[in-house]
Amino acid sequence: MLKEGGSSRRTAIEKLFESVGGTVETIYYAFGDTDVFIIADLPDNVTAAALSLIVNAAGAATAKVTVLLTVEEIDAATKKTPTYRPPGK
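Below: a short report on this structure. This is a predicted model, so every value here is computed, not measured. (Residues numbered from 1 in each chain as written. Predicted model: local features only at pLDDT ≥ 70, side-chain atom pairs only at ≥ 80, totals over all residues. Heavy atoms only, no water.)

**Observations concerning the pairing of strand E3 (residues 23-29)**
Right, so step 1: As paired strands, E3 and strand E4 (residues 36-41) are joined by six bridges and run antiparallel to one another. Bridging from a neighbouring strand, Val-24 pairs with Ala-40 of E4.
Right, so step 2: The hairpin turn running from E3 into E4, its antiparallel successor, is six residues long, and Gly-32 in that turn takes a positive phi close to 120°. (Pairing = 2+ DSSP bridges. Helix = DSSP H or I, 4+ residues; strand = E, 2+ residues; numbered from the N terminus.)

Rendered as structure tokens:
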């Protein structure tokens, strides 16, 4: 059933993300191992994990979260200097 301005699938996805303070930027359907890609903005990684858990628990779909970093975030990461020694060395 199509609703004015988009499909009922889009509406359901947008409502889910809005319920946790997020917004959906775009939704893509694809051929292959993954059927749907959703690019969204969420308040934090904990919220993303909560969405993944609830979708997977419902059993109607399998959700996997991939956190995307901005160029600025990667630039900031390159300025950090963690101390690391590989195990056994």
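After presenting the structure, the write-up continues.
**Some thoughts on the pattern of salt bridges**
Right, so step 1: Summed over all chains, the structure comprises one salt bridge.
Right, so step 2: Across the pair Arg-10 and Glu-14 runs a salt bridge whose closest N-O atoms are separated by 3.4 Å. Highlighted residues: Arg-10 and Glu-14, both in helix H1 (residues 8-18), separated by four residues, approximately one helical turn. (Salt bridge = Lys/Arg side-chain N within 4 Å of Asp/Glu carboxyl O.)

**Overview of the environment of Ser-8**
Right, so step 1: With respect to the helices, strands and loops of the structure, Ser-8 is situated in helix H1.
Right, so step 2: A residue is classified by how much of its surface remains accessible, and Ser-8, at 29% relative accessible area, is partly exposed. (Buried < 20%, exposed > 50% of the residue type's maximum accessible area, 1.4 Å probe, protein only.)

**Digging into helix H2 (residues 45-58)**
Right, so step 1: Taking 1.5 Å of rise per residue, 14 residues should cover 20 Å, and H2 covers 20 Å from first to last C-alpha, within 8% of that figure.
Right, so step 2: Along H2, the residues that are buried comprise Thr-47, Ala-48, Leu-51 and Ser-52. Looking down the long axis of H2, one finds its buried residues gathered within 140° of arc, a one-sided arrangement. Residues of H2 that are exposed and angled more than 90 degrees away from the buried face: Val-46, Leu-53, Ile-54 and Ala-57.
Right, so step 3: Looking at the buried positions of H2, the neighbouring elements they touch are H1.
Right, so step 4: Measuring from the side-chain oxygen of the N-cap residue of H2 to the backbone nitrogen of Val-46 gives 3.2 Å; that N-cap residue is Asp-44. (Expected span 1.5 Å × (residues − 1). Arc of directions from axis to C-beta. Contact = heavy atoms within 4.5 Å. Polar contact = N/O pair within 3.5 Å; in protein donor to acceptor, adjacent residues only side chain to side chain.)

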